[in-house]
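Listed here are the chains, written in short residue letters.
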Amino acid sequence: MNTRWSVSTVAVIFCMLLSNTAEAGYLGLASYRNCGIAEPATFIEAQPLTQTVMRTRRRVVLEQQQVTCYKTVYNKIVENKEVECVKYITESKLKDVNYTVRRPVYETKYRTVNYTTSKPVWETKTRTVNHTVRKPVWETRTKSFTYNVFKPVWETKSRTIDYTVSKPVYESKVRTISYNVTRPVWETKSRTIKYTVHKPVWETKTRVINYTVRKPVYETKTRTVSNVIRKPVHYTKTIQIKTGHWKTEITECPGPIRRRVVRTPGCWTWDPSACRRIYIPGECHVVEIQCPPRQICKRIWVPEITTQEVPCVKYVRETVTKQIPYTVCRWVNEAKQRTCTYRVCKMVPETKSKTCNYRVCRMVTETKTKQIPYTVCRIVKETKQRTETYNVCRMVREQKVRHCNYKVLRIVSETVTRQQTYRVCRMVEEAKTKQIPYQTCRYVTETKTKQVPYTVRKPITYTKVVQTCKTVPTQVAYTVTRCVPRIICEQVPVTICVPNPCSLLRRRFILDCCN
């Protein structure tokens, strides 16, 4: 608050001191006569004042400029050079390798097995069987049917039909026709034709021709070429080769356990209901049987490491410098002259005349008359009658009787007696012995030899010609147009706003008093 009161006080004192001044500040555009608090400011004094001022402005202008640049053009030169190369030839060899083989030897043996069998014994018996048979008996019977039949009766009748027929009647007539005929009349005439003929006249002339001949001049020069060659160096190194052999192991495995169903011996018992002996079989139970063991051969790989010396070749780079002569062709221009004789043809016109005969065709019209016969057809109607016969069918009913025979089946029962034969089986036990063969495997070790092929790479040195492409750089000049920026300073009129100082002080003082 103290700051605001101090600013307001200074403004009031400043206005009182300058109240008598006619014109003040801001280029004489503002007046301080109305800087009191009691008198309000007018609308014109409250508006800002404008003034035109010249300012310096910098502008960038692009100017085109021709610049000479250089670019590098590479020309390729092909040269032939000899290069030593090494190629490897594969050579196959054989070596003997010993290996062990276990050969199985099989032996057949027999073992005795005792077993019991039940042998069936069949007995034939007879019994009397009474049974009833139903026998079919056919009987023939007759019955009558009454039915109606419609019989056609035809009657012949006649009727008269009137009809009209159109009959053509032809008449011959003649008519006269006039027509014009055009006849050509030829007349022969002649006329004179003048024409111009061009006759050639030849003249001989001479002229001297200057021409330039390009003559080649050859020069022999020498250049130094450095080549890097690969020189083979032979040495020996020791390597380890992983080999091995197969070993056969025999493992004995126990035989599988088989389950077998065995029936105990049965017995014979008397059956009082059937009045006969019946066989009662024994009980069945499961028995486990151990099968004989077997031998399994399994091949196992036994690794071995062998040391071997191998010849090797390595290549060492070596730089060789040599002088290569080459020929340069330079073309030299030589001026020469020669005399050339030529003929000129000039056409001279000459007038001639000739008589030409020609024919003129004139058409003469004549009128002629001719008689044309023609036929006229006229249709005449005529009434006629015809008698037509037709048949009429009338159905008459007639009654008839038909007799039909049919069969009736009747079943008659009859008692028949027959003798039936049947067989009864009786099991008898019997003890037997059999020989069961089985095989036994025994392995025998054998040593064999086989030839194993292996490959050896043999180096061969040879020389071949290789084309080398060499690039020679050349500087070529060319012109480029580019834009260069340049700064230009120029005076530009600018309008600026100048505030009214009296209105500013009045507004500031009113704001301070209101606060």
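Located above this text is the structure these notes cover.
Residues numbered from 1 in each chain as written. Predicted model: local features only at pLDDT ≥ 70, side-chain atom pairs only at ≥ 80, totals over all residues. Heavy atoms only, no water.

**Q** Please give an account of the overall build of the protein that cites residues and values.
**A** The secondary structure content of the protein amounts to three helices and six strands. Its helices and strands in sequence order give the protein the pattern α-α-β-β-β-β-β-β-α, from N to C terminus. Within the protein, buried positions represent 6% of all 515 residues. Here the protein has roughly 43,800 Å² of accessible surface; of this, 52% comes from carbon and sulfur atoms. (Helix = DSSP H or I, 4+ residues; strand = E, 2+ residues; numbered from the N terminus. Buried < 20%, exposed > 50% of the residue type's maximum accessible area, 1.4 Å probe, protein only. Areas by Shrake-Rupley, 256 points an atom, 1.4 Å probe, with all protein chains shown as cover.)

**Q** So what's going on with the pairing of strand E2 (residues 257–263)? Residues and values would help.
**A** Within E2, only zero of the seven residues are buried, which leaves it mostly out in the open. The pairing of E2 with strand E5 (residues 284–290) spans seven bridges and is antiparallel. Counted as the bridge partner of Arg263 is Cys284 from E5. (Pairing = 2+ DSSP bridges.)

**Q** I'd like a rundown of the packing of aromatic side chains, residues and numbers included.
**A** A full pass over the atoms with the stated rule returns two aromatic pairs. Considering the side-chain rings of Trp246 and Trp301, the 5.2 Å spacing of their centres and the 65° angle between planes classify their relative orientation as edge-to-face. Residue Trp246 is located in strand E1 (residues 49–253), and its partner Trp301 is located in strand E6 (residues 294–498); the two are separated by 55 residues in the primary sequence. The class of Trp246 is partly exposed, set by a relative accessible area of 44%. A residue is classified by how much of its surface remains accessible, and Trp301, at 42% relative accessible area, is partly exposed. Sitting over the ring of Tyr326, Arg223 keeps its end group 4.7 Å from the ring centre. A cation sits over an aromatic face here: Lys450 above Tyr99, 5.2 Å from the ring centre. (Phe/Tyr/Trp six-rings, centres within 6.5 Å; stacked < 30°, edge-to-face > 60°. Lys NZ or Arg CZ within 6 Å of the ring centre and 35° of its normal.)

**Q** For the environment of Arg482, give the residues involved together with the corresponding values.
**A** Along the chain, the position of Arg482 falls in strand E6. Considered as a pair, Arg482 and Glu63 are 419 residues apart in the sequence and their alpha carbons are 8.2 Å apart.

**Q** Help me get a handle on the pattern of salt bridges, residues and values and all.
**A** Taken as a whole, this structure holds 13 salt bridges when the rule is applied. Between Arg378 and Glu171 there is a salt bridge, with the nearest N and O atoms lying 3.5 Å from each other. Of this pair, Arg378 sits in strand E6 while Glu171 sits in strand E1, and the two are 207 residues apart along the sequence. Since its relative accessible area comes to 44%, Arg378 is described here as partly exposed. (Salt bridge = Lys/Arg side-chain N within 4 Å of Asp/Glu carboxyl O.)

**Q** Which residues make up a nonpolar patch on the surface, and what values do they have?
**A** Judged by side-chain polarity, Val60, Leu62 and Ile487 come together as a nonpolar surface patch covering roughly 310 Å² of accessible area. The topology assignment puts Ile487 in strand E6. (Patch = residues over 30% accessible without salt bridge, like charges linked within 9 Å, V, L, I, M, F, W, Y side chains within 5 Å.)

**Q** Tell me what's going on with the environment of Pro200, and back it up with residues and numbers.
**A** One can find Pro200 in strand E1. Distance in space between the C-alpha atoms of Pro200 and Lys346 is 5.7 Å, their sequence separation being 146 residues. Among residues more than four places away in sequence, those in contact with Pro200 are Cys345, Lys346 and Met347. (Contact = heavy atoms within 4.5 Å.)

**Q** Describe in detail the environment of Gln51, supporting the description with residues and values.
**A** Structurally, Gln51 is set in strand E1. Residue Gln51 is classed as partly exposed on the basis of its relative accessible area, which comes to 26%. When the C-alpha positions of Gln51 and Thr495 are compared, they lie 5.5 Å apart, and in sequence the two are 444 residues distant.

**Q** Tell me about the side chain of Asn227, and please be specific about residues and values.
**A** Within the secondary structure, Asn227 sits in strand E1. Apart from the residues within four sequence positions on either side, Asn227 is in contact with Lys81, Glu318, Thr319, Val320 and Lys322.

**Q** Outline the layout of surface pockets, listing residues and values.
**A** By rolling a water-sized probe across the atoms, one finds the places where empty space is left. There is about 1,100 Å³ of room inside the largest pocket. Those elements giving two or more residues to the lining of the largest pocket turn out to be E1 and E6. Here the element with the most residues in the lining of the largest pocket is E1; it accounts for 19 residues. Grouping the constituent residues of the lining of the largest pocket by class yields 16 nonpolar, nine polar and nine charged. (1 Å grid on protein atoms, 1.4 Å probe; cavity = no way out; pocket = protein on both sides within 12 Å on 5 of 7 lines; lining within 4 Å. Points joined across faces, edges and corners; volume = space filled by probe spheres on them. Nonpolar A, V, L, I, M, F, W, Y, C, P; charged D, E, K, R; others polar.)

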